[in-house]
Amino acid sequence: MAVEFTGARSGQGPLTWGQRAIWRLTEWLPPGDPYFNMPWALTVHGKPGLPAVLAALGRLLGRHESLRTNWLPGPEQGGMVQRVAGQGRLTVELVEAAGSRPRALAGEIAAELAAKGFDYADELPVRCAVVMEGGRPRAVAFAFTHLAVDGRALDVIAGEWPRLLSGEPLPQDVPQPLDLAAEERSPEGAARGERALRYWRAALERMPRPLFAAPPGTPEEPRFVKLGMESAALGAAATGLAARWGVSTSSVLLGAYAVLLSRLTGRGTVALQLIVGNRHDPRLAPMVATLVQDGIFVLDVTPDQPLAEVVRAANRGVLAAYRHARYDPAAQRALIEETGPPPTAYFNDVRVAGGWPNLPPRPPATPGRIFPVGAWPEVDAEVFFTAGPATHTCRLDLLADTSLLPREAIEATLREVETLLVSEENT
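Calculation criteria
- Residues numbered from 1 in each chain as written.
- Predicted model: local features only at pLDDT ≥ 70, side-chain atom pairs only at ≥ 80, totals over all residues.
- Heavy atoms only, no water.
- Phe/Tyr/Trp six-rings, centres within 6.5 Å; stacked < 30°, edge-to-face > 60°.
- Helix = DSSP H or I, 4+ residues; strand = E, 2+ residues; numbered from the N terminus.
- Buried < 20%, exposed > 50% of the residue type's maximum accessible area, 1.4 Å probe, protein only.
- Lys NZ or Arg CZ within 6 Å of the ring centre and 35° of its normal.
- Pairing = 2+ DSSP bridges.
- Axes fitted to C-alpha atoms, helices over the stretch in contact; angles between N-to-C directions.
- Core = buried A, V, L, I, M, F, W, Y, C linked by side-chain atoms within 4.5 Å.
- Contact = heavy atoms within 4.5 Å.
- Salt bridge = Lys/Arg side-chain N within 4 Å of Asp/Glu carboxyl O.
- 1 Å grid on protein atoms, 1.4 Å probe; cavity = no way out; pocket = protein on both sides within 12 Å on 5 of 7 lines; lining within 4 Å.
- Points joined across faces, edges and corners; volume = space filled by probe spheres on them.
- Nonpolar A, V, L, I, M, F, W, Y, C, P; charged D, E, K, R; others polar.

Caption draft 1: Quick look at the packing of aromatic side chains. Applying the stated criterion across every chain yields a total of nine aromatic pairs. Measuring from ring centre to ring centre gives 5.0 Å for Tyr346 and Phe384, while their planes differ by 5°; the resulting arrangement is stacked. Separated by 38 residues along the polypeptide, Tyr346 in strand 12 (residues 345–349) and Phe384 in strand 14 (residues 383–387) bring together distant segments of the chain. Accessibility expressed as a relative area gives 8% for Tyr346, which makes it buried. With a relative accessible area of 21%, Phe384 lands in the partly exposed category. Geometrically, the ring pair formed by Phe347 and Phe385 is stacked, given 5.9 Å between the ring centres and 15° between the ring planes. Taken together, the residues span a long stretch of sequence, with Phe347 in strand 12 and Phe385 in strand 14 at a distance of 38 residues. Assessed through its relative accessible area of 1%, Phe385 is described here as buried. Grouped by ring-pair contacts, the aromatic residues Phe142, Phe144 and Trp161 constitute a single cluster. Note that Arg127 overlies the ring of Phe118, its terminal NZ or CZ placed 3.8 Å from the centroid.

This is how it looks when you write it as structure tokens:
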């Protein structure tokens, strides 16, 4: 089935800084690799018919230019342009639930749709299927390319979805990537980027190299291992400490990670790259696009320093890093070639709410569950710590190069994050 869409304009222009950052990452992958695809599923609440759902999909694409954009070679900086279609057609598959739970089935279909790479030059950056049950649409499965959306953009779409379904009017002044690219190339945008790179230069010159003071050992095969942990007790402890110290739960997790990373690496100065959503500017909050860029964070950690001091310093440092995470990726690469490589340790908080709104009021004091997540032969990071999107428990993932941090050390580090924060909350 086809969904027709029409937007307010068509056009072509340079890529935004965020698009260029993602495009550079896609160039590391073989053609057609789906690594940067993003599956997504939404429930169809109420009793709208199929025409209303298809109309909502058409409104969604007409409203957000990023969802009707192609990326192809051109004369602009970086050798690429974005081209926005003014109108077009999206093919939508209809799938019967056939006894399956519609929302769960939509999640499975979304994963299947995202399992194939996008043709950035000729294919719309979104694929879609509607799950039907009893003649009514019950859920919608999507796959997006990361060039079109980031995690926060998916939340924007989810927030607009009920109003799109009902036909309710939505604000018209939504920022679009073509306009953002023009703003970034303006004198004001260039000045913002230069300030960010001055901050990067100071951090790059201050950070220790290499990350680990000790030489590497013998790695596992595959070399890079990721373990996960779910701990409601940890979520409760981080929530209580954040309230006690007047910071975010993200800063509590980052501070604990910095303390443990200092111990693991043998370094008194910890340097990290942060995955920054770049939506603290209210104008960009409702934008469906990819705005993510790396921030840089450097923190001194001394032995026996109170955790509260580390966390408060981390909170100040992370706010500064967020303010300086919008810049020209080409200029950043030139800076890195001059000063040396950036940190190979990362921190990413992918939660939307910033806390755990569905955490039990009295979580059990039992240790969290640790489990394998995956393993890869090559990853562009030596250590990568993630706070996951679960709302009912604290979900942490830790990926590491096993020549530097063996599997048992990865597990021990996750457990030590839990022990450190739970013990601190109980003092």
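From this point on, the discussion continues.
Caption draft 2: Main features of unusual backbone geometry. Geometrically, the link from Arg209 to Pro210 is a cis peptide bond, its omega value of -5° lying close to zero. Mapping Pro210 onto the fold places it in the loop between helix 6 (187–206) and strand 9 (224–231). Here the bond from Glu221 into Pro222 is cis, since omega is -5°, no more than 30 degrees from zero. Looking at where Pro222 falls in the secondary structure, it is placed in the loop between helix 6 and strand 9. One non-glycine residue with positive phi stands out, namely Ala98, at about 50°.

Caption draft 3: Here's a closer look at the sheet that holds strand 3 (residues 37–43). Overall, mixed pairing links the five strands, which are arranged 1-6-7-8-3 in an open sheet. Looking at strand neighbours, the two that pair on one side only are strand 1 (2–6) and strand 3, the edges of this open sheet. The sheet shows a mean angle of 25° between the axes of neighbouring strands, direction not considered. Two strands pair when backbone bridges link them, and strand 3 and strand 8 (residues 136–145) are joined in this way by seven bridges, in the antiparallel orientation.

Caption draft 4: Fine view of the nonpolar core. Val252, Tyr257, Leu272, Leu396 and Leu421 are the most contacted members of the largest nonpolar core, which totals 57 residues. Per-element accounting of this core gives the leading share, nine residues, to helix 8 (residues 249–265). Those residues in contact with Tyr257 that lie beyond four places of it in its chain are Leu272, Ala345, Tyr346, Phe347, Val383, Phe384 and Phe385. In this structure, Met38, Leu105, Leu113 and Val156 belong to the second largest nonpolar core, which totals 56 residues.

Caption draft 5: Molecular detail of the pattern of salt bridges. Taken as a whole and assessed by the stated rule, the structure comprises 24 salt bridges. With a shortest N-O distance of 3.7 Å, Glu184 and Arg326 are connected by a salt bridge. Within this pair, whereas Glu184 is found in helix 5 (residues 177–184), its partner Arg326 is found in the loop between helix 9 (307–323) and helix 10 (329–339), the two being separated by 142 residues in sequence. In terms of burial, Glu184 and Arg326 fall into one category: buried. Residues Arg201 and Glu205 are paired through a salt bridge, measuring 3.7 Å at the closest nitrogen-oxygen approach. On the criterion of helical spacing, the pair formed by Arg201 and Glu205 is a turn pair, its members being four residues apart in helix 6. Classification of Arg201 as partly exposed rests on a relative accessible area of 30%. Using a relative accessible area of 54% as the deciding quantity, one classes Glu205 as exposed. What you see here is one network of salt bridges that share partners, running through Glu183, Arg192, Asp281 and Arg283.

Caption draft 6: The layout of surface pockets, seen in detail. Put simply, the second largest pocket is a space of about 280 Å³. Along the walls of the second largest pocket sit 16 residues, with Ala8, Gly62, Arg63, Gln172 and Gln176 positioned nearest its centre. It is helix 2 (residues 50–63) that provides the largest number of residues to the lining of the second largest pocket, a total of three residues. Its residues assigned to classes, the lining of the second largest pocket shows five nonpolar, five polar and six charged.

Caption draft 7: A look at empty space enclosed by the protein. Taken as a whole and judged by the stated rule, the model has one cavity of 30 Å³ or more. Taken as a whole, the largest cavity spans an internal volume of roughly 50 Å³. Around the largest cavity, the lining residues are Trp17, Gly18, Leu180, Glu184, Asn278, Leu284, Leu291, Gln293 and Arg326. Secondary-structure elements contributing two or more residues to the lining of the largest cavity are helix 1 (17–26) and helix 5. Of the residues in the lining of the largest cavity, the class split is four nonpolar, three polar and two charged.

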